Amino acid sequence: MSSALGILSSRTAVFRWGLELTSFLSRLGKTWLSVRPRMESGGRQHAGRSTSFSADFVKSGTAQRRSRTGTRAFGDGKSKEAEIKRINKELANIRSKFKGDKALDGYSKKKYVCKLLFIFLLGHDIDFGHMEAVNLLSSNKYTEKQIGYLFISVLVNSNSELIRLINNAIKNDLASRNPTFMCLALHCIANVGSREMGEAFAADIPRILVAGDSMDSVKQSAALCLLRLYKASPDLVPMGEWTARVVHLLNDQHMGVVTAAVSLITCLCKKNPDDFKTCVSLAVSRLSRIVSSASTDLQDYTYYFVPAPWLSVKLLRLLQCYPPPEDAAVRGRLVECLETVLNKAQEPPKSKKVQHSNARNAALLESISLIMHYDSEPNLLVRACNQLGQFLQHRETNLRYLALESMCTLASSEFSHEAVKTHIDTVINALKTERDVSVRQRAADLLYAMCDRSNAKQIVSEMLRYLETADYAIREEIVLKVAILAEKYAVDYSWYVDTILNLIRIAGDYVSEEVWYRVLQIVTNRDDVQGYAAKTVFEALQAPACHENMVKVGGYILGEFGNLIAGDPRSSPPVQFSLLHSKFHLCSVATRALLLSTYIKFINLFPETKATIQGVLRAGAQLRNADVELQQRAVEYLTLSSVASTDVLATVLEEMPPFPERESSILAKLKRKKGPGAGSALEDGRRDPSSSDINGGVEATPSAVSTPSPSADLLGLRAAPPPAAPPAPAGAGSLLVDVFSDGPAQPSLGPTPEEAFLSELEPPAPESPMALLADPAPAADPGPEDIGPPIPEADELLNKFVCKNNGVLFENQLLQIGVKSEFRQNLGRMYLFYGNKTSVQFQSFSPTVIHPGDLQTQLAVQTKRVAAQVDGGAQVQQVLNIECLRDFLTPPLLSVRFRYGGAPQSLTLKLPVTINKFFQPTEMAAQDFFQRWKQLSLPLQEAQKIFKANHPMDAEVTKAKLLGFGSALLDNVDPNPENFVGAGIIQTKALQVGCLLRLEPNAQAQMYRLTLRTSKEPVSRHLCELLAQQF
């Protein structure tokens, strides 16, 4: 018997721990016994009894018989089958008690409900007893009500039919004003969290929260319960007068209430920032009191000598939801708090325990996050950087990781970038010596972020050195970073060529096509580096083990510029050919095809190699090759070299011209519909002011390339080579553009017959795109001296039509001008309606379209004449046929002249024709979007603007404006669902310009960040300005 009781006692202890754990998970961070109940005498008697489930089980009606047989607890059976048998027997006994004729008292119900809960915790299903648990809710005894709520919280799901009965019991407890019962009811609401409960109590809980007579424990529970409901169903929580009052809970004397209120306000203000903007000053005041207090001032909330660390962290996170305070006093007090936190970090620790270090560093790192969020206090930013620099050598790995990660963000600030650079040696050492690969990856991110023209060579060389022993998991990332940095900061092009060739030698398997494409472009566009590149690649090909990417680069460069090193006997034409051909049989089909093109180029450059190369082309291995591409090239090249004259051969195989500025290499990717894929959002990084346009490139934050996909296309060159383009002058701005960009777009196809512009006006449907330009009525534009400047509100009127095509363009007491237009590809048709609002006829009425500057070469506008007289109250219509020849920045002007009552009248407007009107929306998958986003990485290809919202921030209105702007909205692309991502193609007659955009609204700060990337710098900036004015 003593043995059985010992086992029973052990089980009782285990179950008590399980009960406490369940209670902990059920209370949203607060104990179920948050308020000590004052029980009536009967309650005290019941409380004096053992409430252990196993003990109650021993005391049941069969206790004597079980004592004689040495009954064990549920889980003490010798086997699983014995335990199940024992539990089934007890379940049958409990079921009989519930269904028996004898009514059970409250204590018995509580006891059996406890047993059911214990059995459920052991992993067995419970399909009865729910109604008995609901009945316990009506008890006036705390222990019975507590077990009832506990059972419901654990076993009742949100769709149960009992929810209505439970709601009635909860409503009674909330109305009872008994703080203990109110807390139990609030905990149950939070745990179940069903929509039906939310609808029933969402309006009552805020009143309880801000009621003056609510106890502190009730306020805590109400705040956390409301937070749970808001997260589950935001639409059910009404904003009202209580929002202003809940902010004042930040001044509550009870720190627990403040902690719960901060959590609630932080969540609510993300959607309704204006309703809670007064919390900033209160949060600063509370934070100041905590930071300036000693560890003895807040004894109940001091954690290892750190006053209220978790509340401090919550307050700092709340402040990050808003811009810096405008009130100078509040801002000064906040700066003082942050300085105090940084000062305390320099003090010696008061304890050697890790809990003290964690608490102190948590507040410190969150303070640094707030400093970086404001990015407006140079002194604080530099101090934060120095503090993080000390952490770089800390013995705690997690702290070193967090320091590296935070410094990556600091490196993007103009105030702290130089301070971050002072730690370059420490970061390089971390890259070499850290054991944890994640820390090494963050070190690589920080090196990438701190790189500029002054340290580019050092960082690139260190990354190349590390690449030889780097983990395979991050090699591709290192390769991409080295390629981008070398490209962006290349002053000496021979250094850039050496760097990329070393990259191919060290990690050839991780060098994607776009990287070596870029080398070919630079070499082709720069005469001064061609000879050096040919010599360098010739030497690299002599290595016994040569990567295939090196063979590709060597084949192209020697085929184009091998003649520059042919004078040296060591690199004579036969030697060059032999060296390349020795690699032929080791390469893939694509590389062999490139080498065959190199061979035919050799015949043109070096006639003495013609016989040898023709012998190779005649070989059966080529003419009868199983690969169609190789076979066709061999046959065509052999025939070309045999039948073509020297002049024809020289013309066909002339040297590739310099690559022109990329018009739209994005088209191939935009139009390619692949399966959905995952992609990481590319964050916007700091730009080096000293970097010139010739280097292109982009300097993104570490997160931009921290986890690239295997097919990441950062440099924007993964398009197929086009046919040779006419020579174009190699300007500085075209050095690092797309090597194999798509050529100028061909004239776009016409619309389908059933499509017609402005069907309600019944204009003639065009049979082809050029039909839109039919029936022109050319009129000489008046000279600039003949027209006046646009009216003052011309820009404002134009902005109204950026995202729409129809409306009233202008109206005064005499004249109304309406617009109705439609655009398709690079063509458009616009109807202008001139309405005479007076009763007097307009005489000599003459509306004329003017092309300012060189707009006539960019935009063709052909007009149809209108009647010279417009009767009073009448309206005349003018048709404009528009063709976009190439991208343009300024709209045409509309000059309207007429005589009214004998007096001349004139006005000049800006015609609502902007470049975005020729957008063609383009759908694409997430993976393709971020690949192409990274490809458009040159600084001039990106335009970004951060601006204050001028209109209410409504997601649906924003979506409508972006659609009206012309781009397609892409769903499930950005990891942040509140951001908007779009893609489209600007159609012009001469070219097509791909465009990607990303709009990031910040509802808390009432600001937007708009980023556009296109292949043409003026287009990026112009589109960014146009779209930013709409919000």
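Calculation criteria
Residues numbered from 1 in each chain as written. Predicted model: local features only at pLDDT ≥ 70, side-chain atom pairs only at ≥ 80, totals over all residues. Heavy atoms only, no water. Helix = DSSP H or I, 4+ residues; strand = E, 2+ residues; numbered from the N terminus. Buried < 20%, exposed > 50% of the residue type's maximum accessible area, 1.4 Å probe, protein only. Contact = heavy atoms within 4.5 Å. Areas by Shrake-Rupley, 256 points an atom, 1.4 Å probe, with all protein chains shown as cover. Pairing = 2+ DSSP bridges. Axes fitted to C-alpha atoms, helices over the stretch in contact; angles between N-to-C directions. Parallel < 35°, antiparallel > 145°, perpendicular 65-115°, else oblique. Nonpolar A, V, L, I, M, F, W, Y, C, P; charged D, E, K, R; others polar. Core = buried A, V, L, I, M, F, W, Y, C linked by side-chain atoms within 4.5 Å. Salt bridge = Lys/Arg side-chain N within 4 Å of Asp/Glu carboxyl O. Left-handed = near helix turned anticlockwise from the far one by under 90°. Expected span 1.5 Å × (residues − 1). pLDDT = per-residue confidence, 0-100. Phe/Tyr/Trp six-rings, centres within 6.5 Å; stacked < 30°, edge-to-face > 60°. Lys NZ or Arg CZ within 6 Å of the ring centre and 35° of its normal. Polar contact = N/O pair within 3.5 Å; in protein donor to acceptor, adjacent residues only side chain to side chain.

## Overview of the overall build of the protein chain
Along its length, the protein chain carries 42 helices and 16 strands. Here the protein chain holds 1031 residues, and 54% of them are scored as buried. Contacts in the protein chain between residues at least 24 apart in sequence constitute 72% of all its contacts with a sequence separation of at least 6. When the accessible surface of the protein chain is totalled, it reaches about 45,200 Å², and 51% of it is carbon and sulfur.

## Regarding the sheet that holds strand 9 (residues 893-900)
Overall, antiparallel pairing links the 3 strands, which are arranged 6-9-10 in an open sheet. Of all strands in the sheet, those bounded by a partner on one side alone are strand 6 (842-850) and strand 10 (903-910). Neighbour-to-neighbour, the strand axes of this sheet turn through a mean angle of 10°, independent of strand direction. Sheet analysis places strand 9 next to strand 10, joined by 8 bridges and oriented antiparallel. Residue pairing across strands places leucine 894 opposite leucine 909, the latter belonging to strand 10.

## Side note on the packing of helix 32 (residues 589-605) against helix 35 (residues 628-643)
To describe two helices that pack against each other, one gives the angle between their axes and the distance between the axes. Put simply, helix 32 and helix 35 touch, their axes get as near as 10 Å, and they point 5° apart. One way to sum up the angle between helix 32 and helix 35 is to call them roughly parallel. Contacts between helix 32 and helix 35 involve Val589, Arg592, Ala593, Leu594, Leu596, Ser597, Ile600 and Ile603 on the former and, on the latter, Glu629, Leu630, Arg633, Ala634, Tyr637, Leu640 and Ser641. When grouped by side-chain class, the residues that make up the contact of helix 32 with helix 35 number 10 nonpolar, 2 polar and 3 charged.

## Points about the nonpolar core
Formed by 209 residues in total, the largest nonpolar core has its most connected members in Ile170, Val246, Leu503 and Ile557. Filtering out sequence-adjacent residues up to four positions away, isoleucine 170 remains in contact with Tyr149, Ala185, Cys188, Ile189, Met197 and Phe201. Phe845, Leu859, Phe919 and Ala943 belong to the second largest nonpolar core, which has 62 residues in total.

## Digging into the pattern of salt bridges
Once their charged atoms are close, side chains differing in charge can pair, the charge on each being opposite to the other. Going through the model one piece at a time under the given rule, you end up with 32 salt bridges. Between lysine 421 and aspartate 452 there is a salt bridge; the shortest N-O distance is 2.8 Å. With lysine 421 in helix 22 (residues 417-421) and aspartate 452 in the loop between helix 24 (437-450) and helix 25 (456-467), this pair connects stretches of sequence that are 31 residues apart. With a relative accessible area of 14%, lysine 421 lands in the buried category. Of the residues examined, aspartate 452 reaches a relative accessible area of 5% and is grouped as buried. A salt bridge links aspartate 568 to arginine 570; its shortest N-O distance comes to 2.9 Å. Classification of arginine 570 by relative accessible area gives exposed; the value is 66%.

## Quick look at the packing of helix 28 (residues 513-525) against helix 30 (residues 548-561)
For the pair helix 28 and helix 30, the least separation of the axes is 10 Å and the interaxial angle reads 20°. Viewed along their axes, helix 28 and helix 30 adopt a mutual orientation that is roughly parallel. Here helix 28 runs over helix 30; the crossing is right-handed. On helix 30, the residues touching Glu513, Trp516, Leu520, Val523 and Thr524 of helix 28 are Asn549, Lys552, Val553, Tyr556, Ile557 and Phe561. A per-class count over the contact of helix 28 with helix 30 returns 7 nonpolar, 2 polar and 2 charged.

## Describing helix 28
Across its 13 residues, helix 28 extends 18 Å between first and last C-alpha, which sits within 8% of the 18 Å expected from 1.5 Å per residue. The element helix 28 is largely enclosed, with a buried count of 12 among its 13 residues. Within helix 28, burial applies to Glu514, Val515, Trp516, Tyr517, Arg518, Val519, Leu520, Gln521, Ile522, Val523, Thr524 and Asn525.

## Section: unusual backbone geometry
Working note: non-glycine residues mostly have negative phi, and peptide bonds are mostly trans. In this structure, arginine 177 is a non-glycine residue whose phi angle is positive, near 65°. Residue position: arginine 177 is located in the loop between helix 9 (163-175) and helix 10 (179-192). Residue class for arginine 177 comes out partly exposed when judged on its relative accessible area of 39%. A positive phi is found at asparagine 972, a non-glycine position, where the angle reads about 55°. Assignment of secondary structure puts asparagine 972 in the loop between strand 13 (968-969) and strand 14 (980-987).

## Overview of the confidence of the model for the protein chain
Predicted confidence across the protein chain gives a mean pLDDT of 78, with 80% of residues reaching 70 or more. Across residues 1-72, where pLDDT falls below 50, the model places 94 contacts with residues more than four positions away in sequence or in other chains.

## Structural notes on the environment of glutamate 196
For glutamate 196, the position within the fold is in helix 11 (residues 195-201). A relative accessible area of 32% places glutamate 196 in the partly exposed class. Placed 29 residues apart in sequence, glutamate 196 and asparagine 167 show a C-alpha to C-alpha distance of 8.9 Å. Beyond its immediate chain neighbours, meaning those up to four positions away, glutamate 196 contacts Ile163, Arg164 and Asn167.

## Observations concerning the sheet that holds strand 8 (residues 875-884)
Across the sheet, which stays open at both edges, the 5 strands sit in the order 3-4-5-8-7 with antiparallel pairing between neighbours. Since the sheet does not close on itself, it has two edges, and those belong to strand 3 (806-811) and strand 7 (859-863), each with one partner. Strand-to-strand twist across the sheet, computed as the mean angle between neighbouring axes with direction ignored, equals 25°. Judged from the 5 bridges that link them, strand 7 and strand 8 form a sheet pairing that is antiparallel.

## With respect to the pairing of strand 16 (residues 1007-1014)
Most of strand 16 is tucked away, with 6 of its 8 residues classed as buried. Note: strand 15 (residues 992-1002) against strand 16, 8 bridges, orientation antiparallel. Within strand 16, the position partnered with cysteine 995 by the bridge is threonine 1014. Hairpin connection from strand 15 to strand 16: 4 residues lie between these consecutive antiparallel strands, with glutamine 1006 at a positive phi of about 55°.

## Some words on the packing of aromatic side chains
Enumeration over the complete set of coordinates arrives at 20 aromatic pairs. Ring geometry for tryptophan 516 against tyrosine 517: centres 4.8 Å apart, planes inclined by 70°, an arrangement best described as edge-to-face. Grouping residues by exposure puts tryptophan 516 and tyrosine 517 together as buried. Taken together, Tyr834, Phe842, Phe845, Phe898 and Tyr900 form an aromatic cluster joined through their ring pairs. In this arrangement the basic side chain of lysine 145 is found over the ring face of phenylalanine 181, its NZ or CZ atom lying 4.6 Å from the centre. For the cation-ring pair, lysine 804 lies above phenylalanine 801, with the distance from its terminal atom to the ring centre recorded as 5.3 Å.

## Remarks on the side chain of asparagine 549
Along the polypeptide, asparagine 549 turns up in helix 30. At a separation of 2.9 Å, a polar atom in the side chain of asparagine 549 contacts the main-chain carbonyl oxygen of valine 511. Filtering out sequence-adjacent residues up to four positions away, asparagine 549 remains in contact with Ile504, Gly508, Val511 and Trp516.

## Details of the pairing of strand 3
Side-chain positions along a regular strand alternate between the two faces of the sheet. Looking at chain direction, strand 3 and strand 4 (residues 815-824) are connected through 5 bridges and run antiparallel. Within strand 4, the residue paired with valine 808 across the bridge is glycine 818. Taken together, strand 3 and the strand that follows it, strand 4, pair antiparallel across an intervening segment of 3 residues.

## Some points on the environment of lysine 488
Mapped onto the elements, lysine 488 comes out in helix 26 (residues 472-488). Along the backbone, lysine 488 and aspartate 452 are 36 residues apart, and their C-alpha atoms lie at a distance of 8.9 Å.

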